[in-house]
Each structure stands twice: as structure tokens, then as C-alpha cells.
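# Summary of structural features
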Amino acid sequence: MVEAPTLFTNPIKTLYLFTIVLFNYAKDAIKYLSKFWHIIGFLTLIIIAPRFVEGEHSELVRQGDEIAYFMLYWLVLGIMSSVGLGTGLHTFVLYLGPHIAKTTIQAYECNALPLFVPSKYATQYVECPKEATGITIFDIIKQVYFETVLFGIGTAIGELPPYFVARAAALANKKLEELEEVLEKKDENSFMQRMKLLIYNKLQKNAFLTVMLCASIPNPLFDLAGITCGHFLISFWTFFGATVLGKAFIKMHIQLPMTVFVFSQEPVKALLNLIQKYIPFIYQFLSDLLDKQRKQLRDPSLFKEGTKPLLAQLWDYFIILMIGFFMISIVNSLVAQYVTEQEQEKKKSKQHHHHSNKHHTGDHKTSKKAKSS
């Protein structure tokens, strides 16, 4: 089997093949969307037209844009966390988790829910409300609930590519290496192999429940669930509905309260006390950092606009590195998939050619016998 090139081993060939893959995807997308050109044209007109006409509706359009940006922002981050056949960017750790943590810390510091505007969610500094109203953990959960659910729905959407790839392969009578590997190694006694075989077997008996359970917990084998569902042509709505239910309404309802609790006032104090006791040299740094954050919340004018502390700058660089790794993984994964498909096509073509030659030779021998008789 031909080994697929990567951006590290052969960057020029990889980028060339990646361009072909993008062109094929674009061609398929245009072909599919052209069937609904009248609906797309009508929706585009409804969205664009109000922006060229000033009137009382302009404020509603602006608010609609803010809400749409807000929803799209968290949906895209959710998609990025799971898309790419196991190479997803861990956007919960990089974005949603820190957002929930920051909201929690700010809420306890202000003794009221911070004032957030949907279009300003990415901004660094948010002022405390003028009046302290008091807060509970449930208030904070309600404050970040909508974006958490949007993020969960995004992760469910990001799990669709393996399903569609496997479904297309099944309809074209192609074999999938992932499933063949599971069946070939079914006698192995490793934990991962037993889990793969368990998911594979359970999906054939009760797809909805199995997918929902797999989606409800951090599960590195979830791609296998999507591939298996696609291979056995399980209904799209069965797979997607179970995935949304598991990721957006079960898994996120576990992660959200846990994150809020961990960053609420009492656990933070307990953690600082432990650090002071066992790692005193780090305690001073963290204590100063929290004091700086508190001063900033009380009076944002103390800090120049656009300035960031060193920790925030390092975090930004870390995010850039993670996004770069994610993009490289996506390119390598798509190129590897394309090379595998091309190899399968070549094998299929050779087998068909060989079968044709045998059939032709047999016919030729038969005609010779007929002539001789």
C-alpha cells in the first residue's frame, strides 16, 4: 500500500493533492447546492436587502447580526473541536472552558452577573454592574447556558464527516479500513480493541441508545460510532439526533456545572491554600495575578486599552500553535483519505481488467474448440 505524503515529509506534493481534494469538494458542493438555487437566492435576498435600506428596522438588523455572530462563533468552535476524523482542536479547553471560568470568577468578584453583550464575548475586560445583586452557582450556569448548548450542537455537527464518508463508501460497495481492522483484530484482548468491538456490535442492535451513550462521555472512539452507523446505512436523523442529545444535553450538562463549581469562590480559595502550603513560590505569582484581575474588574480604567499581561500573551501564542497543528492535521488527514481512495480505485480497476481478460480468453478458447469440431 502506498504511504500518503504529509506536510512534513513532502509538503509540495501534499499541498498539490490537498488542492485537488478542495476542488473536488467544491465541485460536489456546487453540484448539490445548484439543485436548491431558487431557495438559496431567496434567502440571500432576504438577508442582504435590509442592509441597503435605512429605516426603523436598522436597529433590529444590527441586533440580529450580533445574535447571529454570537451563535455562529460558538457553533464553529464546537465544530472545530470534533471535526477532522480524530484531529479536532480542543476548543472546550481553549475557549469555552476559560469563558465559563472567567464568568464564574467575575461573578463572585462582582457579587453580581457580569454585563455581557453577545457581539462582545471575545473582549478581554468586562465591567462589574453598578449594584451587587448576589449570585448563586445556578445564576452563573444560566448566564453561560446558551453558548454551552450551541457549542454542544457544534460538536455534534463536527461528528458528521465520518458518518457521511462511511455511508458513501457503503453505497458504493467500498471497504473501510477502520471497520476491517476491528474485525481482523477481534481476537485481541486489549482494552481498546474490546471497546471497539463492543461499540461495533451494540450499534447494530440499538444504534440510537449506543450513539447517545458514546456521545455523552469523553470518548476517543466516537469516530468509530459514526463510521459504523454510516456503514450500516443507519438513518441520518437517528445518528445526528442521538449525537446532539448526548453532546449538547447530557455531556455539556455535566461539564458546565463542574467547571462553574471548580472556579467558584470556595474551591479557588481551597486550591490557593493548598498551593501556599506545598508550592509557596507559585502561590505568590497566582495571588498577584488574581489581585490584578480584581483591581481590573473594580476599575478597568487602570489598564490601558489593548494591553495584555504576559500570561494572556503566552496563552494567545499557545492557541495559535494549537490552531496551526489542527490545520496541518486536517490537511494530512484529507490527503491520506484521498490517496487511500485512489489506491482502492486502482485495485478495483485492475481486478475488473483482469476479470475481463480471463473472460475474453475463455471465450476465445471456446470459439477455437467450436471451429476445430
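Quick caveat: nothing in here was measured; it's all calculated off a predicted structure.

We now examine the overall build of the protein chain. Counting secondary structure elements, the protein chain contains 14 helices and 0 strands. Burial status across the protein chain gives 32% buried among its 373 residues. The contacts in the protein chain between residues at least 6 apart in sequence include a share of 71% that link residues at least 24 apart. Carbon and sulfur atoms form 66% of the exposed surface of the protein chain, whose accessible area is close to 24,100 Å².

Moving on, we get to the UniProt feature "transmembrane region" (unreviewed entry) in the protein chain. What UniProt calls "transmembrane region" (unreviewed entry) maps, in this numbering, to residues 6–24, 36–53, 73–96, 224–250 and 317–340. Its end C-alpha atoms 27 Å apart, residues 36–53 is made of 67% helix and 0% strand. Along residues 224–250 the backbone is 85% helical and 0% strand, and the end-to-end C-alpha distance reaches 20 Å.

The next point concerns the pattern of salt bridges. Under the defined criterion, the tally for this structure stands at 4 salt bridges. Overlapping salt bridges, with partners in common, bring together Glu59, Arg62 and Glu66 in one network.

Looking now at the nonpolar core. Core analysis: the largest hydrophobic core is formed by 21 residues, its most contacted members being Ile199, Leu203, Val211, Phe222, Cys229 and Phe239. Mapped by element, the contributors of at least two residues to this core are α5 (137–158), α6 (160–171), α8 (191–205), α9 (207–215), α10 (222–231) and α11 (236–262). Ignoring anything within four residues of it in the chain, the contact list for Val211 reads Leu203, Phe222, Cys229, Phe239, Ala242 and Thr243. Among the nonpolar cores identified, the runner-up in size contains 17 residues, and Leu96, Ile141, Val144 and Leu256 belong to it.

A few words now on the packing of aromatic side chains. For any pair of aromatic rings, geometry is given as the distance between the ring centres together with the angle between the planes. Enumeration over the complete set of coordinates arrives at 11 aromatic pairs. Each ring, one from Tyr163 and one from Phe236, has its centre 6.3 Å from the other, and the planes form 55°; the classification is tilted. Here the residue Tyr163 occupies a position in helix α6, and Phe236 occupies one in helix α11, the gap between them amounting to 73 residues. Of the residues examined, Tyr163 reaches a relative accessible area of 0% and is grouped as buried. Consider the rings of Phe236 and Phe240, whose centres lie 5.5 Å apart with planes at 10°: the pair is stacked. Of this pair, Phe236 and Phe240 both sit in helix α11, 4 residues apart, roughly one helical turn. According to the relative accessible area criterion, Phe236 is partly exposed, its value standing at 22%. What links up through ring pairs into an aromatic cluster is the set Tyr163, Phe164, Phe236, Trp237, Phe239 and Phe240.

Our focus in this paragraph is α10. In terms of residue burial, α10 counts as a mostly covered element, since 9 of its 10 residues are buried. For α10, every residue scored as buried is listed here: Phe222, Asp223, Leu224, Ala225, Gly226, Ile227, Thr228, Cys229 and Gly230. One or two residues past the end of α10 sits Leu233, with phi positive at roughly 55°.

With that settled, consider the packing of helix α4 (residues 91–110) against α5. Angle between the axes and distance between the axes: these two values describe a pair of packed helices. It is at 10 Å that the axes of α4 and α5 come closest, and there the two elements cross at 160°. Classified by the interaxial angle, the pair formed by α4 and α5 is roughly antiparallel. The two elements α4 and α5 cross, and the hand of that crossing is right-handed. Side by side, α4 and α5 meet where Thr91, Phe92, Leu96, His99, Ile100, Thr103, Thr104, Ala107 and Tyr108 of the first sit next to Ile137, Ile140, Gln143, Val144, Glu147, Thr148 and Phe151 of the second. Split into classes, the residues belonging to the contact of α4 with α5 amount to 9 nonpolar, 6 polar and 1 charged.

Considering the arrangement of structural elements, one finds Thr238 in helix α11. Residues Thr238 and Ala207, spaced 31 residues apart in sequence, show a C-alpha to C-alpha distance of 7.6 Å. Leave out the neighbours within four places in its chain, and Thr238 touches Ala207 and Phe208.

Although it is not a glycine, Leu233 sits at a positive phi angle of roughly 55°. If you trace the backbone, Leu233 turns up in the loop between α10 and α11.

Conventions adopted
- Residues numbered from 1 in each chain as written.
- Predicted model: local features only at pLDDT ≥ 70, side-chain atom pairs only at ≥ 80, totals over all residues.
- Heavy atoms only, no water.
- Helix = DSSP H or I, 4+ residues; strand = E, 2+ residues; numbered from the N terminus.
- Buried < 20%, exposed > 50% of the residue type's maximum accessible area, 1.4 Å probe, protein only.
- Contact = heavy atoms within 4.5 Å.
- Areas by Shrake-Rupley, 256 points an atom, 1.4 Å probe, with all protein chains shown as cover.
- UniProt positions renumbered as here; feature names shortened; annotations may be inferred.
- Salt bridge = Lys/Arg side-chain N within 4 Å of Asp/Glu carboxyl O.
- Core = buried A, V, L, I, M, F, W, Y, C linked by side-chain atoms within 4.5 Å.
- Phe/Tyr/Trp six-rings, centres within 6.5 Å; stacked < 30°, edge-to-face > 60°.
- Axes fitted to C-alpha atoms, helices over the stretch in contact; angles between N-to-C directions.
- Parallel < 35°, antiparallel > 145°, perpendicular 65-115°, else oblique.
- Left-handed = near helix turned anticlockwise from the far one by under 90°.
- Nonpolar A, V, L, I, M, F, W, Y, C, P; charged D, E, K, R; others polar.

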